[in-house]
Amino acid sequence: MNTPELAIDIQALTKKFGTFTAVDHLTFNVKKGEIFGFLGANGSGKSTTIKMLCGLLGSTSGTATVAGYDINREPDKVKRNIGYMSQRFSLYEDLTVEENIRFFGGIYGLTKEKLQARMDWVVGMAGLTGKEQLLTSELAGGWKQRLALGCAVLHEPAIVFLDEPTGGVDPLTRRRFWDLILLLADSGTTVFVTTHYLDEAEYCNRIVLLHEGKLIAEGSPAELKTEYLKDPVLEVECDSVITALELLQGEPWVISTSVFGTYLHVSVASIDEGKLKIERLLSANHIAVSRIDVIVPSLEDVFIHLIEQRSGEFAAQE
């Protein structure tokens, strides 16, 4: 049974499709009221896991409780206690703003009085006052996004699942959306979010990283950076960034490297030796180096390091 402090409790959760294992013995939990990041590349098993946690797909083995209800034995109760929003915003384009809200309110069984109060809240939160009769298809991306979030939490669920909710919107809209997520969490709502934007994951209280259906890392953003990436990271500003990347990737003393904007992030065992070797290698290949600095690693650095490490382990096994 789920403990009072946990919104989600997952134990050895597994999903197989024939001989293919999409989700492989996941075990972790999500505390009530926290913002929980669920990260992984395409095909890592995120969507399959979310479908199971939302009561839409049964597990092959293992168990999970969501809002205190077993996903396999009580899927209907799970559904009544959660909200869900996807990248496609889960709205009906041919309905007006008001009609969408009323439609979802009817699904959630809200009384007339409760629906009106929540409608006023959604319209205000989404910045759509005076636009209630506009077709949803006529709304800009940021308005659609906030309206979709409002519809997902119309019934004030204990837990809301946000599956790539900021895809396809501009950086300012993304930032404003995360302000709303933070407000939801402050009010006690548990937020379970997936995102491809690793800078957004910095807002999460805790994060799980998934790779090929397996959990490969877990912790707060700060813990991930210190526990899973112990080697120093150097930021290199140079000409011909892609050529420099290819050169560095071929060196045995380079632990991992990636393009970060117009710079390179290079993980090495020794700061001084690493700087010297990078300077020598790139200069020998007629690539001018402007700067090499030690930096605090980003979550992207951690993610790339872990994926490359796992890929290397897999290749060694073959």
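The structure under discussion appears in the preceding block.
Chemist: How do you make sense of the sheet that holds strand β14 (residues 289-295) when you look at a structure like this?
Modeler: In sheet architecture, strand pairing relies on hydrogen bonds along the backbone and comes in two forms, parallel and antiparallel. Here we have four strands laid out as an open sheet, ordered β12-β13-β11-β14, and antiparallel in their pairing. Strands at the two margins of the open sheet, each flanked by one partner only, are β12 (254-260) and β14. Ignoring which end each strand starts from, the neighbouring axes of this sheet average 25 degrees apart. Bridge analysis of β12 against strand β13 (residues 263-268) gives six bridges, and the strand direction is antiparallel.

Chemist: Quick question: what am I supposed to make of the state of the cysteines here?
Modeler: Defined simply, a disulfide is a covalent bond joining two cysteines at their sulfur atoms. Taken as a whole and assessed by the stated rule, the structure comprises zero disulfides. A disulfide-free cysteine, Cys-54 has its sulfur positioned 16 Å from the sulfur of Cys-151, the nearest such atom.

Chemist: Help me understand the pattern of salt bridges, please; the structure alone is not making it clear to me.
Modeler: Opposite charge on two side chains permits pairing when their charged atoms draw close. Under the definition given, this model contains 19 salt bridges. A salt bridge links Lys-225 to Glu-202; its shortest N-O distance comes to 2.9 Å. Taken together, the residues span a long stretch of sequence, with Lys-225 in helix α7 (residues 221-227) and Glu-202 in the loop between β8 (190-194) and β9 (206-211) at a distance of 23 residues. A relative accessible area of 36% means that Glu-202 is categorised as partly exposed. Note that Arg-291 and Glu-237 form a salt bridge whose closest N and O atoms lie 3.1 Å from each other. One end of the pair, Arg-291, is in strand β14; the other, Glu-237, is in strand β11 (residues 233-238), and 54 residues separate them in sequence. Salt bridges sharing partners connect three or more residues here, namely Glu-235, Glu-237, Arg-291 and Asp-293.

Chemist: For this particular structure, what's the right way to read a nonpolar patch on the surface?
Modeler: Judged by side-chain polarity, Tyr-92, Phe-103 and Ile-107 come together as a nonpolar surface patch covering roughly 290 Å² of accessible area. Relative to the helices and strands, Tyr-92 resides in the loop between β6 (82-86) and α3 (97-107). Taking the relative accessible area as the measure of exposure, Tyr-92 reaches 40% and is therefore partly exposed.

Chemist: What is the right way to read the nonpolar core from this model?
Modeler: For soluble globular proteins, the rule of thumb is that nonpolar side chains tend to be buried together. Ile-35, Ile-101, Leu-147, Leu-162, Val-191, Ile-207 and Leu-209 are the most contacted members of the largest nonpolar core, which totals 48 residues. For this core, the element with the highest residue contribution is helix α6 (residues 171-186), accounting for six residues. Residues contacting Leu-162, with those up to four places away along its chain left out, are Met-85, Leu-149, Phe-177, Ile-181, Val-191, Phe-192, Val-193 and Thr-194. Counting residues in hydrophobic clusters, the runner-up holds 25 residues, among them Ile-8, Leu-13, Ala-22 and Leu-26.

Chemist: Hey, could you run me through the side chain of His-305 in this one?
Modeler: Structurally, His-305 is set in helix α10 (residues 299-317). Overall, His-305 belongs to the buried group, its relative accessible area being 10%.

Chemist: In this structure, what is going on with the packing of helix α8 (residues 241-249) against helix α9 (residues 271-284)? I would like to understand it.
Modeler: A packed helix pair is summarised by two numbers, namely the angle formed by the two axes and the spacing between the axes. Here α8 crosses α9 at 120 degrees, and the two axes come no closer than 10 Å. In terms of orientation, α8 and α9 fall into the oblique class. Pair α8 / α9 crosses with right-handed handedness. On α9, the residues that touch Ala-244, Leu-247 and Leu-248 of α8 are Ile-278, Leu-281 and Leu-282. In terms of residue class, the contact of α8 with α9 is made up of six nonpolar, no polar and no charged.

Chemist: Is there a simple way to explain the sheet that holds strand β4 (residues 61-66) in this structure?
Modeler: Taking strand neighbours across the sheet as the criterion, the four strands line up as β2-β1-β4-β5 in an open arrangement whose pairing is antiparallel. Edge strands, defined here as strands with exactly one partner in the open sheet, are β2 (20-31) and β5 (69-70). Inspection of the sheet shows β4 paired to β5 by two bridges, in the antiparallel sense. Looking at β5, one finds that Thr-65 is bridged to Asp-70.

Chemist: What's the story with α8 in this structure? I'm lost.
Modeler: Among all positions of α8, only Val-241, Ala-244, Leu-245 and Leu-248 are buried. One side of α8 carries all its buried residues, which in axial view fall inside an arc of 105 degrees. Within α8, the exposed residues directed more than 90 degrees away from the buried face are Ile-242 and Glu-246.

Chemist: Would you mind going over unusual backbone geometry with me for this structure?
Modeler: The backbone of His-25 sits at a positive phi, close to 55 degrees, despite the residue not being glycine. Along the chain, His-25 turns up in strand β2. Not every positive phi belongs to a glycine, and Glu-164 is a case in point at roughly 50 degrees. As for its position among the elements, Glu-164 is in the loop between β7 (159-163) and α6.

Chemist: Could you clarify how one ought to interpret the environment of Glu-99 in this entry?
Modeler: Tracing the backbone through its elements, the reader meets Glu-99 in helix α3. For the pair formed by Glu-99 and Leu-134, sequence separation is 35 residues and the distance between their alpha carbons is 9.7 Å.

Chemist: Help me understand α6, please; the structure alone is not making it clear to me.
Modeler: For α6, with 16 residues, the first-to-last C-alpha span of 23 Å sits near the 22 Å given by 1.5 Å per residue. Of the residues making up α6, those classed as buried are Thr-173, Arg-174, Phe-177, Trp-178, Leu-180, Ile-181, Leu-184 and Ala-185. All buried residues of α6 lie within an arc of 155 degrees about the axis, which places them on one face of the element. Of the residues in α6, the exposed ones pointing more than 90 degrees away from the buried face are Leu-183 and Asp-186. On the buried face of α6, the contacting elements are β3 (35-40), β6, α4 (112-125), α5 (141-152), β7 and β8.

What counts and what doesn't
- Residues numbered from 1 in each chain as written.
- Predicted model: local features only at pLDDT ≥ 70, side-chain atom pairs only at ≥ 80, totals over all residues.
- Heavy atoms only, no water.
- Pairing = 2+ DSSP bridges.
- Helix = DSSP H or I, 4+ residues; strand = E, 2+ residues; numbered from the N terminus.
- Axes fitted to C-alpha atoms, helices over the stretch in contact; angles between N-to-C directions.
- Disulfide = S-S within 2.5 Å.
- Salt bridge = Lys/Arg side-chain N within 4 Å of Asp/Glu carboxyl O.
- Buried < 20%, exposed > 50% of the residue type's maximum accessible area, 1.4 Å probe, protein only.
- Patch = residues over 30% accessible without salt bridge, like charges linked within 9 Å, V, L, I, M, F, W, Y side chains within 5 Å.
- Areas by Shrake-Rupley, 256 points an atom, 1.4 Å probe, with all protein chains shown as cover.
- Core = buried A, V, L, I, M, F, W, Y, C linked by side-chain atoms within 4.5 Å.
- Contact = heavy atoms within 4.5 Å.
- Parallel < 35°, antiparallel > 145°, perpendicular 65-115°, else oblique.
- Left-handed = near helix turned anticlockwise from the far one by under 90°.
- Nonpolar A, V, L, I, M, F, W, Y, C, P; charged D, E, K, R; others polar.
- Arc of directions from axis to C-beta.
- Expected span 1.5 Å × (residues − 1).

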